[in-house]
Structure formats: C-alpha cells, structure tokens
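# Close look at the chain arrangement
Okay, here's what each chain looks like letter by letter:
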Protein chains: 4
Amino acid sequence: MSQPLRHQLYTIIFGTDTSAGKRFDVVLLYAIVLSVAALMLDTVVVIQERWPGLLYRVEWFFTILFTIEYATRIYCSPNRRKYVLSFYGVVDLVSIVPTYLALLITGANYLLIIRLIRVFRVFRVFKMFRYLSEANLLVRSLWLGRRKILVFFLGVLVLSTVFGSLMYLVEGPEYGFTSIPKSIYWTIVTITTVGYGDITPHTVLGQVVSTLAMLTGYSIIAIPTGIVTAEMAAELQREKTLKKCTNCGKRGHDSDADYCKWCGAEMV
Amino acid sequence: MSQPLRHQLYTIIFGTDTSAGKRFDVVLLYAIVLSVAALMLDTVVVIQERWPGLLYRVEWFFTILFTIEYATRIYCSPNRRKYVLSFYGVVDLVSIVPTYLALLITGANYLLIIRLIRVFRVFRVFKMFRYLSEANLLVRSLWLGRRKILVFFLGVLVLSTVFGSLMYLVEGPEYGFTSIPKSIYWTIVTITTVGYGDITPHTVLGQVVSTLAMLTGYSIIAIPTGIVTAEMAAELQREKTLKKCTNCGKRGHDSDADYCKWCGAEMV
Amino acid sequence: MSQPLRHQLYTIIFGTDTSAGKRFDVVLLYAIVLSVAALMLDTVVVIQERWPGLLYRVEWFFTILFTIEYATRIYCSPNRRKYVLSFYGVVDLVSIVPTYLALLITGANYLLIIRLIRVFRVFRVFKMFRYLSEANLLVRSLWLGRRKILVFFLGVLVLSTVFGSLMYLVEGPEYGFTSIPKSIYWTIVTITTVGYGDITPHTVLGQVVSTLAMLTGYSIIAIPTGIVTAEMAAELQREKTLKKCTNCGKRGHDSDADYCKWCGAEMV
Amino acid sequence: MSQPLRHQLYTIIFGTDTSAGKRFDVVLLYAIVLSVAALMLDTVVVIQERWPGLLYRVEWFFTILFTIEYATRIYCSPNRRKYVLSFYGVVDLVSIVPTYLALLITGANYLLIIRLIRVFRVFRVFKMFRYLSEANLLVRSLWLGRRKILVFFLGVLVLSTVFGSLMYLVEGPEYGFTSIPKSIYWTIVTITTVGYGDITPHTVLGQVVSTLAMLTGYSIIAIPTGIVTAEMAAELQREKTLKKCTNCGKRGHDSDADYCKWCGAEMV
C-alpha cells in the first residue's frame, strides 16, 4: 500500500508518532537553538572583529533552511489556510521574513530598525515549547490562578504608586528621585527585592519609608507563592481523580466517592 | 411606571446591576487612572518644559469632573449623612479638595506643602478596588493570618536590632555604619534580600556577620509564605466543607455537588 | 484573708492573671522598648551634639528602674536560686550590669570596649517575647523542621564553597575575588539573591558561572519554604486533632477516627 | 571467635554500626572540614605573609592522612574493583592526587594550572553527605520534581533571551548592554531578584521593560516553590498511606498506628 509523497512528508514534519517524525523534530530543535545562538553572538564585538562575515553566512544558512521547512509545511498541510493562519504558522513566517527584509531596505540609517525587526527571530525559540509536554501543568496552574495573579499585580501597582509618590516628596530630585514615574520604578526595584542600588534613600525619613516598602515586599512575596502552590496542588489532585460517572458522563469526582455527585448514580 | 430622576441616578452611580450602571463604573475607572497618570507625569521635567500648562488644565478637567460626580452622589444618595461619612465618601472628597486648596493658599513658599497635599489624590486609585471582587480571597487570607504576620514582623525587627547593633560595633562609622538606626536600615536591606549595596561590609568579621544575616533572611523568607499558603488552603477548604448532606450528615462535599458522594441522596 | 506583701508582689510581677499584673507587664514592655530606643539613638551624632548628656541621663534612669525591678524579682521569688539561674534571670542581670561597669572601668582607651558590653543591653528586647503567645506556632514549626533546615544550610555551605572556589579561579584577585573566603562571601550574597554589587563578575566565564549560581539560588530558595509550609500545615492539623482516647489516654487521632489507633477502643 | 584484621578494619572504616566505626567517621569528618578550611585560607594574602609555609605543611599532613585512608579502604574492601570505580572511590582518589601532581609539574608558569587542579580537592566536602541521612527527603523531593524544574528553567532561559534582546535594542551599548549575551546576564540578575546594579537601565523605555522583567521574576519565583512544596507534601503523604488494614482494606493510616481507625482491627 503506497503512500503519496505529500502524506508521507506530513507524517514526518507534523507528526511525532513515527521514528522519522521524531528525528525530524529533534534536528529542527537543534537548528532553532543554533540559529538563535548565532543571532545573539552576532552582537558581541570581539566575535564580529575576529570572524567578520561568519555569522552573516550562518544567519543566511538557517534562514534558507527554515524557508524550505516553511514551504514544505505549506505544501504537505491538508488544510493550508488553517496552518498559515495558525499561531505556529505565523511564528514560522515571522522568523524568516526579517533576514529577507534586511536585503530590500538598505542604507545606513535603517540599520537599527532592521536589527529591531531581526530580533523577532528570537521567537523561533518559542517553537521549542511544541516539544515539551511537561510545561502543561505549570502553564495550567498559572492559567487557573490568572485572575488572582492579575488582582495581585494591580495591588502591587497601587502600592508602588503610593510608595513612589511618598518617596518623591520625602527624598526629592536631589537624591535621584527626579519624578514620580522614576520613584515608582525605584519602588518596584525595592518591593520585588531586586535592589540595584542605582537610586537609594539618603534622608532618615526616606530610609524609614524604604524599610516599610521592603518589609511590605517581603510579606507580599508570599501571595503569588500561595496562589501557585494552591492551584498546583489542586491540579495534581484533579489529575488523580479523573474518575468518570458511567451514567451522566461527568468527570471530577473525589477518589473516595461511591455515588456520582451530580446525578446520584452509583460509581463503578 | 416612571421612576424619579434621583432614584434613576442612584441605580446608575451606585449600582452595578444595570448596563448603564456598569458603563458608568467603567468610564469612572478610566477617568481615575487617567487623572492619576496626569498627576504623576506632571512631575517629569521634560514633559513640563515641552507642554507647559497642559497637565495643569488636565488636572482641572478631572477635578471638575470628580466634583460633579461627588455632588451627584450626595444628591441621589438615600442616606446622605451615611455616604459622606463612609470610607469612600471621605476618599471622594479628599481626592478633589487639594486642587481647590492650591488656589486659596498661594505663594512660592507654600508650593511644596501644596504638592504634598495633592499627592493624597493618589488615593483615587484605591477607588478601583470597589470594582474588584477577586481581591477578596487574597485580603481574607492575609486578614486571617494577621496576628502571625505581626508576630513575624516583630521577630524580624528584634533580629534587625541585634544584627544592626552587632554590625555597628564590628564595622563602625568609617565604612558607612554611622549609627545603630542606620545599621538597622542596612540589616533590613540585607535580611529582605533587597541588597542595594549603598552600605557594604568591608572587614572580615563584618562579612561573616552579614553572611549569617543573609542566611537568616533566606531561611525566614519561608515563614510568611507558609502562613499565607496555609491560610489560603484552609480558606479554600472551608468553602468546600460548608455543605452538609441532610441524609447521612457527612460534610466535605464540593461546592458544585448536587448529590451526596457517600449515600447518593440529593443535596439541598 | 490578708496576703503578705511578698506574695502580693509575686502575683503582680511574675503573674499575668490579675489586672495589676497585666498593667505591670505592659508598663515594663514600654520601658524596655524605650530604653533600647534611647541606646540606639545615643549612637546618632546629630542627636549627641544637639542634646549632650540627655541620653546619658535616660540610660541611667532606665538602669536604676531595671535594677529596682531585678531586686524586687529576687525578693519576692519563692525559689530565689532558680530565678537567678534561669534564662530570664540571667538576661535581667546582664541588661543592667554594663552601665555600672562603665563607671568602674574608666579611661578613654576603654570606651570602645565598654560600648561593646553595653550593646548586650539590646537583649532586653528578647524579654518582649515573654508576652507573645502567638510566636509559639512559628517557633514550633521552625523547631520541628530544624534537622531539615540544618541539612539544607550544610548543602548551601557546600554549594557556596564549590561556587566560591570556582569564581576565585575564573575571576581572580584583579576583579575583587581576592581569596576563596571572600569568593564564598560573594557566592552567599548571590545565592541568597541579596546582590550588593560590591563584587561583580567581569569576565565572560565568570558571568556564566554567576548565572548558574543565581539560578541555583532561585531554585533552592523553594526548599526552606517547602519545609516550613509542610511543618506549619502539619502543626495546624495536629492542633485540630487533640482528640484523646478515653481507654489508653493517647492523643493525636485524626478528626474522623471512630476507633483508637493504638488500643482499638471505640472513640467517644 | 577471632576476626581477621581485614574484616575488623572493614567494619570500622566502611560500617557505622559499631562505636569504633562511628568514632572513625566523626574523626574523618573533622579532618575533611579542616583540610578544606586550610585550602581556602591558603588563598588569603595576609595569612600567607604572616605564616609562610604553615598551610603548605598542613596541606601535606592531610594529603598523607587521606592517602593512608585510601590505601586502607582498598586493602580491606571485599570487592576492591567495585570500590575503586564507585563514586566515592573516585572522589577519594581525586582529592589526594592534585597535591602529588604539584610536585611533578613544577615551574612558575604552571602555578596557576596546579592551583586549578588543587581546587578539585574541595570535592572532599561532598564526602560529608555520606553521613547525613536527613538529606534524603530533600533530595527525593527535588528528584521527583526534576522534570518540572527542568521545564521551568527552560522557560526562564527563553524569557531571559526575549527580555535580554529587548533590553539590548532599547538601552544599547552606551549604558552597558554591550551585547545580547551580556543583556541576558543582566536579565537573569534581574529576574532572580539578585540585582547587583553593575548594569542598570537609564532610558525611560528601558526602565519600563525592567519593571516588567522584575514583576515577571517576582511572579515566577512562586513556581519552583510550588513544585517543591507539592512534591514534599506528596512524599510525606506517601509515607502515611503505605499501610493498609487487612480487615476493612482501607488505606491512609498514620505510620505509628497499631489499630485501624475505621474498623478497630489490629494492624499487622
């Protein structure tokens, strides 16, 4: 029973069930990581001076490789429109376009803008996540706690606004607190316990207020931990209890349940 | 069935059940955020120089808007005294008064004091919380653990006093530890793992003591997390165990259960 | 039924059941906090210059007060030897002796040493804990997890030794890593995420190693949290289950137990 | 019943059941810690100048001691090959070889390389873990969560790449962001909340992006905590649920239970 080339390519490129499909995915993964590494090393002055043009050629090698991959994906896709408009279809396109754009738009003044567009090729890395099923629990835990985390961040922003305004009044422009937005930047540096030290309080009152800000940050650092831990524990519990009622078909019963909690039928 | 204007206004301004009431709340929310943003941008020197007077006019626009809102709230309130003396009534008043005060109290010397009064308008942001019901679980978890958190902070203060006094003796004024209160400020910067680096230990003994302070901070950072996580888990559990089966009398049902999971009887 | 003075004093000073005993404790608490505050403010140069001698008199006022308290405690104690040799008996003595010692040992050269002895008066603050029963759960949770925390700290020290030695080799003395002990100090500053920035990596390899150290620190910061959270949850659970078997008298049963798990007798 | 010397030595050196075996382990532990301490103090310039040659002799004393220990271990081992090729066998050898190597490879130019080899003697510290059984729960919790932690670190690296590239574009080389790898170093310093302050954002847009990076770091700091806490709680739970009642068949008994808490039958 012979398979047409298009279907065979589809199982290799999109599928992960055959050994050829698995090998393709691993090779692609290495190619993505290498191309991103080359892109990053391109900005190191020492490397640019010692091997001029090397990383430019590496860049083109990977761009042509990914262009072939993109063309093949479109060719063998059963629903081409769906693939092109899907999230990974757009990412695949966006990760090859900037190198070609750099050819068309020349001129010294545009160099910085082109560089900015090329950075979007970093999104190639996101394609890696297609290969990681372990990320699911973490992402789901964050997703379930998203509203609580959002409210938490709103609270942090309000706190930062209050502390930032206070510090702007207490310390003033002569000690680096030149405006309220800059004071808010300082407050977030302090509350998140990053503490660069580029702006520090110099007056006694300012040091008292920063002490309060630090202890506040130290205390509320517990809240996202509490949210994520609670959601993760609940998610792990849910996985264990994928018990399904044979009568109403609903899932989500406790492992010690004898009767369905929605329809009352005895559980097997 | 015609409604008098006062009652109609009341359902729009205070209520959130009608679509008009919801739209009013969203518009008000944007107005609050915009007015606070204008207040903060007013302190940025670059903006003040490029558009002189712009933010002053924005300030007056929002102040008049909020004055009309405050007057309407008093007008349509069924119990006027109660509203004026309530927390949000006071916040509504305090957030418009400073701009008018700045007109009355003129003179170059008073400018700084007026600025200080105006900062209280930042409290407008707090009005946002009226619209966030998700904040309840977080606030309740913190509230239930308030005594433990207070004791924890007392412990942190005692530890800071001991470490601060020790560092003042070990390092002394020549390395920035000019007094015990300043050493305590340094200790809190260290224990909360903020670590500005404006004051750092220079002697060998001082570095040993700071190492101990850091490891202590690293260890006790776990305590508020433990408190909040435990309270949050207990709160989630409590929501679950409020339901009791009327047939077998057992508790511990999920909040969405329709039938008892142990005896199969319908839950009320 | 008249009580002798000694017993009456005992119930006021040592007891907390009578209203007089409670009032005494609160007054003592304020006196301790005030005397420690005076001791700390004594090191601030500005205060010393503006009010010379003031804090010296405050110091003596509290020392005499605490001496009277100490003498009364010995007088009214039923078992005098036991009180004097108890932890708080020694703390009470140590917190008044340094001021008297400063009188006997005079001379400009000894001033610094006397200051060192006086700092021990900070331990007065520890007496506060006698009045805080809420601290029990926190202290017990830490105590139950003490072996795990000790092992964790040993692990942190070994990790710091390895990373410190590595950084000493990679960065070397020219970038501030002048010796292995100093490199270990830097590693602990980094792993605990304090990050003063007084010593920072300058070579590429050094920045790679520090990145590893930071991610390690970020990862193991979770371990003490896990220990404390687990112990605190277990401790809260234990408090709820102070159910006692009427047959064998043992405690520690689950709240849903119908039979004693040690002797098999039915639980009431 | 006389024992041959070889077996007697084996029970002392490898075993921990006899009092002689325990005493040997404790002495060895102190010897390891002292030799590592000597190695580290050897790099402090002040000590080298005051006591020249002292630490060199200490170094040789411990090397000869550990050589004798290593020879005895090989002599009395029942399966010599297995011991030599085991993890601790290799560690035992690697911790004595560098000092002998330093004799053979002489010359001023090689000094630094020899120092590098000697640092491997720090691995002696790892031998300490042989004596700590408490480390098991911590190590097992980390081991069970290893896949989730790995995925988490991959996510952190991708995030750092994105934020690092963004900051390189926004801030540029004039403010210290000289290349994308260096920007990634800065991002990890920021996300892990270490915050050295050797590179800090200076433009307004850069400060906005760093604020986002900090809040991201503050939020995802919760994930490893959640993983470790969940695994640790599950591990403690597993210890509890390994016991099953032979009468009613229910699980979930405490590890110290003698009778089933549901049916009252004696537990085996």
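The structure displayed is predicted, hence computed values, not measured ones.

### Structural notes on the overall build of chain A
Counting secondary structure elements, chain A contains 13 helices and zero strands. Walking chain A from its N terminus toward its C terminus, one meets helices and strands in the order α-α-α-α-α-α-α-α-α-α-α-α-α. Taking as baseline every contact in chain A between residues at least 6 positions apart, the subset at least 24 positions apart corresponds to 55%. Total accessible area computed for chain A in this model is approximately 13800 Å², and 67% of it derives from carbon and sulfur atoms.

### Concerning the interface of chain D and chain A
Contact residues are listed per partner, giving 41 residues for chain D and 42 residues for chain A. Roughly 3700 Å² of surface becomes buried between chain D and chain A when both sides are summed, with 79% attributable to carbon and sulfur atoms. If you sort the residues of chain D by the area they bury against chain A, Leu-169, Met-214 and Tyr-218 of chain D come out on top, with a joint share of 19%. Between the two partners, chain D and chain A, sit zero salt bridges. In this assembly, chain D and chain A are joined by three residue pairs in polar contact (both at pLDDT 80 or more). Secondary structure elements with two or more residues in the side of chain D that touches chain A: helix 10 (146–171), helix 11 (180–191), helix 12 (204–220) and helix 13 (222–240) of chain D. Among the elements that make up the side of chain D that touches chain A, the one with the highest residue count is helix 10 of chain D (12 residues). Taken together, the residues of the side of chain D that touches chain A break down into 22 nonpolar, 17 polar and two charged.

### Focus: the packing of helix 10 (residues 146–171) of chain A against helix 12 of chain D
With their axes 12 Å apart at the nearest point, helix 10 of chain A and helix 12 of chain D run at an angle of 130° to one another. The pairing of helix 10 of chain A with helix 12 of chain D is recorded here as oblique in orientation. Between helix 10 of chain A and helix 12 of chain D lies a crossing whose hand is right-handed. When helix 10 of chain A is examined against helix 12 of chain D, the residues Ile-149, Phe-152, Phe-153 and Val-156 of chain A are found in contact with a partner set consisting of Leu-215, Tyr-218 and Ser-219 of chain D. Of the residues contributing to the contact of helix 10 of chain A with helix 12 of chain D, the split by class is six nonpolar, one polar and no charged.

### Considering helix 6 (residues 87–94) of chain D
Residue and element names in this part refer to chain D. Buried residues of helix 6: Gly-89, Val-91 and Asp-92, and no others. Looking down the long axis of helix 6, one finds its buried residues gathered within 165° of arc, a one-sided arrangement. Structurally, helix 6 contributes buried residues whose contacts are with helix 4 (54–76) and helix 5 (80–85).

### Considering the packing of aromatic side chains
All chains considered together, the criterion is met by 28 aromatic pairs over all chains. With a centroid separation of 5.5 Å and 55° between ring planes, the pair formed by Phe-152 of chain C and Phe-153 of chain C is classed as tilted. One exposure class covers both Phe-152 of chain C and Phe-153 of chain C, and it is buried. A centroid spacing of 6.2 Å and a plane angle of 45° characterise the contact between Tyr-70 of chain D and Tyr-83 of chain D, whose relative ring orientation is tilted. Note that Tyr-70 of chain D is positioned in helix 4 and Tyr-83 of chain D in helix 5, a separation of 13 residues in sequence. With respect to class, Tyr-70 of chain D is no different from Tyr-83 of chain D; both count as buried. Chaining the aromatic ring pairs together yields one cluster made of Phe-61, Phe-62 and Phe-66 of chain A. A cation over a ring is seen here: Arg-50 of chain B above Trp-51 of chain B, with NZ or CZ 5.8 Å from the ring centre.

### Quick look at the relation of the copies chain D and chain A
In screw terms, the move from chain D to chain A is a rotation of 90° and a rise of 0.3 Å along the axis, fitting with an RMSD of 1.4 Å. Both copies of the chain, as the preceding transformation shows, are related through a four-fold rotation axis. Comparing interface residues between copies, only 17% of those in chain D also sit at the interface in chain A, which points to a heterologous contact through distinct surfaces.

### Thoughts on the pattern of salt bridges
Pairing of side chains with opposite charge becomes possible as their charged atoms draw close. Residue and element names in this part refer to chain D. Scanning all chains against the criterion turns up four salt bridges over all chains. Its salt-bridge partner being Arg-73, residue Glu-69 comes within 2.6 Å of it at the nearest N-O pair. Of this pair, Glu-69 and Arg-73 both sit in helix 4, separated by four residues, roughly a single helical turn. The class of Glu-69 is buried, set by a relative accessible area of 7%.

### Overview of the packing of helix 1 (residues 5–13) of chain A against helix 4 (residues 54–76) of chain A
Two measures define how a pair of helices packs: the angle their axes make with one another and the distance between the axes. Residue and element names in this part refer to chain A. Closest axis-to-axis distance for the helix 1/helix 4 pair is 9 Å, and the angle between their directions is 125°. Here helix 4 runs oblique to helix 1, going by the angle between their axes. Here the hand of the crossing between helix 1 and helix 4 comes out left-handed. Where helix 1 abuts helix 4, its residues Arg-6, Leu-9, Tyr-10 and Ile-13 lie against Thr-72, Arg-73, Tyr-75 and Cys-76. Considered class by class, the residues forming the contact of helix 1 with helix 4 number five nonpolar, one polar and two charged.

### Here we look at unusual backbone geometry
Peptide bonds are mostly trans, and most non-glycine residues show a negative phi. Residue and element names in this part refer to chain A. A positive phi angle, near 60°, is found at Thr-193, a position not held by glycine. You can see Thr-193 is positioned in the loop between helix 11 (180–191) and helix 12 (204–220). Among the residues examined, Thr-193 registers a relative accessible area of 2% and is labelled buried.

### What about the confidence of the model for chain A?
Caution applies to low-pLDDT parts of the model: their predicted coordinates are not meant to be read in detail. Residues and elements named next belong to chain A. Averaged over chain A, the pLDDT score is 75; the fraction of residues at 70 or greater is 73%. Least confident of the elements in chain A is helix 8 (residues 111–119), whose mean pLDDT is 48; most confident is helix 11, at 91. Throughout residues 107–116 the model reports pLDDT below 50, and contacts reaching past four residues in sequence, or to other chains, amount to eight contacts. Among the prediction metrics, the complex's ipTM stands at 0.74, with pTM recorded as 0.78.

### Looking at a nonpolar patch on the surface
Residues and elements named next belong to chain A. Judged by side-chain polarity, Tyr-56, Ile-64, Ile-68, Tyr-100, Leu-103 and Leu-104 come together as a nonpolar surface patch covering roughly 640 Å² of accessible area. Looking at the secondary structure, you find Tyr-56 in helix 4. Residue classification places Tyr-56 among the exposed residues on the basis of a relative accessible area of 51%.

### Some words on the side chain of Gln-207 of chain D
Along the chain, Gln-207 of chain D turns up in helix 12. Contacts of Gln-207 of chain D, omitting those with residues within four sequence positions, involve Lys-182 and Tyr-185 of chain A together with Glu-171, Pro-201 and His-202 of chain D.

### Quick notes on the environment of Ile-12 of chain A
All names here are of chain A. Looking at where Ile-12 falls in the secondary structure, it is placed in helix 1. Accessibility expressed as a relative area gives 27% for Ile-12, which makes it partly exposed. In contact with Ile-12, other than residues within four places in its own chain, are Ala-20, Gly-21 and Phe-24.

### Thoughts on the environment of Tyr-168 of chain A
Residue and element names in this part refer to chain A. The topology assignment puts Tyr-168 in helix 10. Judged by its relative accessible area of 11%, Tyr-168 is buried. Tyr-168 sits 15 residues away from Ser-183 along the chain, and the two C-alpha atoms are 6.0 Å apart.

### So, the environment of Ile-199 of chain C
Position of Ile-199 of chain C relative to the elements: it lies in the loop between helix 11 (180–191) and helix 12 (204–220). Each C-alpha atom, one on Ile-199 of chain C and one on Phe-177 of chain C, is 7.4 Å from the other, the two residues being 22 residues apart in sequence. Excluding residues that lie within four positions of it along the chain, Ile-199 of chain C makes contacts with Tyr-175, Gly-176, Phe-177, Lys-182, Tyr-185 and Trp-186 of chain C together with Tyr-196 of chain D.

Reading the values: the criteria
- Residues numbered from 1 in each chain as written.
- Chains lettered and ligands numbered in written order.
- Predicted model: local features only at pLDDT ≥ 70, side-chain atom pairs only at ≥ 80, totals over all residues.
- Heavy atoms only, no water.
- Helix = DSSP H or I, 4+ residues; strand = E, 2+ residues; numbered from the N terminus.
- Contact = heavy atoms within 4.5 Å.
- Areas by Shrake-Rupley, 256 points an atom, 1.4 Å probe, with all protein chains shown as cover.
- Buried area = accessible area lost by both parts, 1.4 Å probe.
- Salt bridge = Lys/Arg side-chain N within 4 Å of Asp/Glu carboxyl O.
- Polar contact = N/O pair within 3.5 Å; in protein donor to acceptor, adjacent residues only side chain to side chain.
- Nonpolar A, V, L, I, M, F, W, Y, C, P; charged D, E, K, R; others polar.
- Axes fitted to C-alpha atoms, helices over the stretch in contact; angles between N-to-C directions.
- Parallel < 35°, antiparallel > 145°, perpendicular 65-115°, else oblique.
- Left-handed = near helix turned anticlockwise from the far one by under 90°.
- Buried < 20%, exposed > 50% of the residue type's maximum accessible area, 1.4 Å probe, protein only.
- Arc of directions from axis to C-beta.
- Phe/Tyr/Trp six-rings, centres within 6.5 Å; stacked < 30°, edge-to-face > 60°.
- Lys NZ or Arg CZ within 6 Å of the ring centre and 35° of its normal.
- Least-squares fit on C-alpha atoms with pLDDT ≥ 70 in both.
- pLDDT = per-residue confidence, 0-100.
- Patch = residues over 30% accessible without salt bridge, like charges linked within 9 Å, V, L, I, M, F, W, Y side chains within 5 Å.

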